[in-house]
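# Examining the three-dimensional arrangement
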Amino acid sequence: MSDNGKCEDPRVHDIKTKIRVVPNFPKPGIMFQDITTLLLDPKAFKDTVDLFVERYKGKNISVVAGVEARGFIFGPPIALAIGAKFVPLRKPRKLPGEVIREEYVLEYGTDCLEMHIGAVEAGERALVVDDLIATGGTLCAAMNLLEHVGAEVVECACVIELPDLKSTAIRTIKLFSAGSAIGHLSLAQSKECVKFLLARSYVE
């Protein structure tokens, strides 16, 4: 049974067990969520992608925007499966040519995302993909970039949530969880966001 009282897809449990938690990496006090162990298991990796594809196929989504860097792992196979283009949202000075940029707040400072001008057109329906949501600042920046050029952000799809970090987000993010309803939550309610994600971060 999931946190929202509905039966959990059996694939979700297997995915959770494949995510390794590495203490004190990359610095003391950080519990790093290592998805490389998930990627080493072809079935679990495929199940992760399939759960998202099942949600978004046939929803008229023409853009899958992947957040650097691990959004580049999950985003392209989802985009191919639903017939959408993949648009990378990158850190500063990684994209050649003209870009638009959006700064955002992290739990330890500030950062920035950039997107190519012309990659997304007004009126397109977009999905934002990342592996993990912590404070929500990165997803908000991604949404702002897409909405700045007139796209409609349908949802944000993440695999993991870090429930113990306080939100820095100042807007509502629409999140997807396999096998559950769709909800609109302010990330100030960070404890509730797990109900709308694929897998909650946990340490045995």
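What you are looking at is a predicted structure, and each value in this text was computed from that prediction instead of being measured. (Residues numbered from 1 in each chain as written. Predicted model: local features only at pLDDT ≥ 70, side-chain atom pairs only at ≥ 80, totals over all residues. Heavy atoms only, no water.)

## Comments concerning the overall build of the chain
- Across its full length, the chain carries five helices and 13 strands.
- Taking all 204 residues of the chain together, the buried fraction comes to 47%.
- In the chain, of all internal contacts separated by at least 6 residues, the share reaching a separation of at least 24 is 59%.
- For the chain, the exposed surface amounts to about 9900 Å²; the carbon and sulfur share of it is 55%. (Helix = DSSP H or I, 4+ residues; strand = E, 2+ residues; numbered from the N terminus. Buried < 20%, exposed > 50% of the residue type's maximum accessible area, 1.4 Å probe, protein only. Contact = heavy atoms within 4.5 Å. Areas by Shrake-Rupley, 256 points an atom, 1.4 Å probe, with all protein chains shown as cover.)

## What to know about helix α5 (residues 137-148)
- If you check α5, its first and last C-alpha atoms are 16 Å apart, about what twelve residues at 1.5 Å a residue would give, namely 16 Å.
- In terms of burial, α5 is largely enclosed, as nine of its twelve residues are buried.
- Those residues of α5 that fall on the buried side of the exposure criterion are G137, T138, L139, C140, A141, A142, M143, L145 and L146.
- Phi for G150, located one or two positions after α5, is positive at around 95 degrees. (Expected span 1.5 Å × (residues − 1).)

## So, the packing of helix α3 (residues 42-56) against helix α4 (residues 71-82)
- Two elements in contact, α3 and α4, have axes separated by 9 Å at closest approach and are oriented at 50 degrees. The angle between α3 and α4 places the two elements in the oblique class. Relative to α4, α3 is oriented so that their crossing is right-handed. Residues F45, T48, V49, F52, V53 and Y56 of α3 pack against I73, F74, P77, I78, A81 and I82 of α4. (Axes fitted to C-alpha atoms, helices over the stretch in contact; angles between N-to-C directions. Parallel < 35°, antiparallel > 145°, perpendicular 65-115°, else oblique. Left-handed = near helix turned anticlockwise from the far one by under 90°.)

## Considering the packing of helix α1 (residues 10-17) against α3
- Where α1 contacts α3, the axes come no closer than 9 Å and their chain directions differ by 135 degrees. In this view, α1 runs oblique relative to α3, as classed from their interaxial angle. Where α1 crosses over α3, the two elements pack in a sense that is left-handed. Only A44, D47, T48, D50, L51 and E54 of α3 make contact with α1, whose side of the interface consists of R11, V12, D14 and I15.
- For the contact of α1 with α3, the residue count by class is four nonpolar, one polar and five charged. (Nonpolar A, V, L, I, M, F, W, Y, C, P; charged D, E, K, R; others polar.)

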